[in-house]
Amino acid sequence: MSTSLTHIDAEGTARMVDVGAKAETQRLAIASGRIRMSAEALAAIRAGDAPKGDVLGTARIAGIMAAKRTGDLIPMCHPLAIDAVNLDFAFEENAVRAVATVSLTGRTGVEMEAITAVTIALVTIYDMAKALDKAMVIEDVRLIEKRGGKSGHWRAATA
């Protein structure tokens, strides 16, 4: 078994990476994604007229909660004491875009927390608006930027 894999030991057993010796640094991650939908569903969300209530408010809370629970959802993620989670939404043509920004001072990054926040926010939008459009499509979920740690600053080429 290759010893260059960070989450596999020499015997091939899954393991969580030991980050104890790493320096604490300011870390930030930004992720984005969108959900495409019908004009009717988009208009209802924009007007606050969806059958289940405040779609974006509920999605924002769900995304924040998801970021805080990422270590419980993804097996090799460390549970992190997140300093801040911000979730913003923008209306696009036939879509809603979600952007999550997660930060902390710590020994490991928050990329997975930002991606999880966006994903769960979009799934919540689907749940809140599915009575209006069951054919909604969640797409383009990805990391846009990360800062801090040994690898430093990274930004997607086409953010």
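Up top you'll find the structure we're talking about.
Residues numbered from 1 in each chain as written. Predicted model: local features only at pLDDT ≥ 70, side-chain atom pairs only at ≥ 80, totals over all residues. Heavy atoms only, no water.

Caption draft 1: Looking closely at the pattern of salt bridges. Tallied over the entire structure, the rule returns twelve salt bridges. With its nearest N and O atoms 2.6 Å apart, the salt bridge here joins Glu 92 to Arg 34. Note that Glu 92 is positioned in strand β2 (residues 84–92) and Arg 34 in strand β1 (residues 25–36), a separation of 58 residues in sequence. On the basis of relative accessibility, which here comes to 25%, the residue Glu 92 falls in the partly exposed class. Its relative accessible area of 15% is what places Arg 34 among the buried residues. The salt bridge partner of Asp 127 is Lys 130, with a shortest N-O separation of 2.9 Å. For Lys 130, a relative accessible area of 34% corresponds to the partly exposed category. Sharing partners across several salt bridges, the network here consists of Arg 34, Arg 36, Glu 92, Arg 97, Glu 139, Asp 140 and Arg 142. (Salt bridge = Lys/Arg side-chain N within 4 Å of Asp/Glu carboxyl O. Helix = DSSP H or I, 4+ residues; strand = E, 2+ residues; numbered from the N terminus. Buried < 20%, exposed > 50% of the residue type's maximum accessible area, 1.4 Å probe, protein only.)

Caption draft 2: Geometry of the packing of aromatic side chains. According to the stated counting rule, one finds zero aromatic pairs in the structure shown. When the ring centre of Phe 91 is taken as origin, the NZ or CZ atom of Arg 46, which lies over that ring, is 4.4 Å away. (Phe/Tyr/Trp six-rings, centres within 6.5 Å; stacked < 30°, edge-to-face > 60°. Lys NZ or Arg CZ within 6 Å of the ring centre and 35° of its normal.)

Caption draft 3: The sheet that holds β1, seen in detail. With respect to topology, five strands assemble into an open sheet ordered β2-β3-β1-β4-β5, the strand pairing being antiparallel. Two strands close off the open sheet at either side, each with one partner strand: β2 and β5 (154–155). As paired elements, β1 and strand β3 (residues 95–106) share twelve bridges and run antiparallel to each other. The residue of β3 that forms the bridge with Leu 28 is Ser 103. On the sheet, helix α1 (residues 39–47) packs against β2 and β3 and is oriented at approximately 130 degrees with respect to β2. (Pairing = 2+ DSSP bridges. Contact = heavy atoms within 4.5 Å. Axes fitted to C-alpha atoms, helices over the stretch in contact; angles between N-to-C directions.)

Caption draft 4: Inspection of the packing of helix α2 (residues 55–68) against helix α4 (residues 111–129) at higher detail. The geometry of α2 relative to α4 is characterised by a closest axis approach of 7 Å and an angle of 145 degrees between their N-to-C directions. Where α2 crosses over α4, the two elements pack in a sense that is right-handed. Of the residues in α4, those in contact with Val 55, Leu 56, Thr 58, Ala 59, Ala 62, Gly 63, Ala 66 and Ala 67 of α2 are Glu 113, Thr 116, Ala 117, Ile 120, Ala 121, Thr 124, Ile 125 and Met 128. Looking at side-chain class alone, the contact of α2 with α4 contains eleven nonpolar, four polar and one charged residues. (Left-handed = near helix turned anticlockwise from the far one by under 90°. Nonpolar A, V, L, I, M, F, W, Y, C, P; charged D, E, K, R; others polar.)

Caption draft 5: Focus on the side chain of Arg 34. Polar side-chain contacts of Arg 34 include one of 2.6 Å to the side chain of Glu 92. A distance of 2.8 Å separates the side chain of Arg 34 from the side chain of Glu 139, its partner in a polar contact. If we ignore the near neighbours within four places in the chain, the residues touching Arg 34 are Glu 92, Glu 93, Ala 95, Val 96, Arg 97, Leu 122, Val 137, Ile 138, Glu 139 and Asp 140. (Polar contact = N/O pair within 3.5 Å; in protein donor to acceptor, adjacent residues only side chain to side chain.)

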